[in-house]
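Secondary and tertiary structure notes
Spelled out, the chains give:
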Amino acid sequence: MMGTSPLNPQYVKRPPEKQRQVNQESAHLALYFYESCDTCIRIIRLIERLCLRVELRNIRNVSAFRDHLLHGTGRQDVPCLIIQEQGKEPRWLCDAEEIIAYLEQRFT
């Protein structure tokens, strides 16, 4: 995890039981990104600040991630968050502000 700064304020602190619950819930999330995308970095910092267990899928390093993103959304635009809850169809959020709002609303 990155250190705190004005761009990455204090990490969220939760009681251990609540953090275990958040770990389980956030394990159903994956962020498609690449490292030179400033918006992606902003979302990754939010994920770190919220202490979430979100899989990071770099579409420039792993062609299977790029293919999955293209198949799921019809595009290769990042950032894109996939929500894969058991028994439900995957939900794709490909707008940065929607991703941020979802993460903040669900995990703060």
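Check the entry above for the structure.
The following paragraphs examine the structure supplied in this document. (Residues numbered from 1 in each chain as written. Predicted model: local features only at pLDDT ≥ 70, side-chain atom pairs only at ≥ 80, totals over all residues. Heavy atoms only, no water.)

**Focus on the overall build of the protein**
Secondary structure assignment for the protein yields four helices and four strands. What you see for the protein is a C-alpha radius of gyration of 14 Å, in line with the 13 Å of a compact globule of 108 residues. Dimensions of the protein along its principal axes, counting C-alpha atoms only, are 40 × 35 × 20 Å. Per-residue burial over the protein gives 38% buried out of 108 residues. Put simply, 59% of the contacts in the protein that link residues at least 6 apart link residues at least 24 apart. By element, 48% of the accessible surface of the protein is carried by carbon and sulfur atoms, the whole surface being about 6600 Å². If the 15 positive side-chain charges of the protein are averaged to one point and the 14 negative ones to another, these points end up 5 Å apart. (Helix = DSSP H or I, 4+ residues; strand = E, 2+ residues; numbered from the N terminus. Rg over C-alpha atoms; globule rule 2.2 N^0.38 Å. Buried < 20%, exposed > 50% of the residue type's maximum accessible area, 1.4 Å probe, protein only. Contact = heavy atoms within 4.5 Å. Areas by Shrake-Rupley, 256 points an atom, 1.4 Å probe, with all protein chains shown as cover. Lys, Arg positive; Asp, Glu negative; His and termini not counted. Charge placed at Lys NZ, Arg CZ, Asp CG, Glu CD.)

**Quick look at the sheet that holds strand β3 (residues 80-83)**
Read across the open sheet, the four strands follow the order β2-β1-β3-β4; overall the sheet is mixed. In this open sheet, the two strands that pair with only one neighbour each are β2 (55-58) and β4 (91-93). The average undirected angle you get between the axes of adjacent strands in this sheet is 25 degrees. Sheet topology places strand β1 (residues 29-33) next to β3; four bridges connect them, and they run antiparallel. Of the residues in β3, the one forming a bridge with L31 is L81. The sheet strands contacting helix α4 (residues 96-107) are β1, β3 and β4, and the helix crosses β3 at an angle near 45 degrees. (Pairing = 2+ DSSP bridges. Axes fitted to C-alpha atoms, helices over the stretch in contact; angles between N-to-C directions.)

**Topic: unusual backbone geometry**
Residue V78 is joined to P79 through a cis peptide bond whose omega torsion reads 0 degrees. One non-glycine residue, C51, lies in positive phi territory at about 55 degrees. Of note, C51 is situated in the loop between α2 (38-49) and β2.

**A few points about the packing of aromatic side chains**
The geometry of an aromatic ring pair is captured by the separation of the ring centres together with the interplanar angle, meaning the angle of the planes. Enumeration over the complete set of coordinates arrives at one aromatic pair. Taking NZ or CZ as reference, R60 lies 3.6 Å from the ring centre of Y34, over its face. (Phe/Tyr/Trp six-rings, centres within 6.5 Å; stacked < 30°, edge-to-face > 60°. Lys NZ or Arg CZ within 6 Å of the ring centre and 35° of its normal.)

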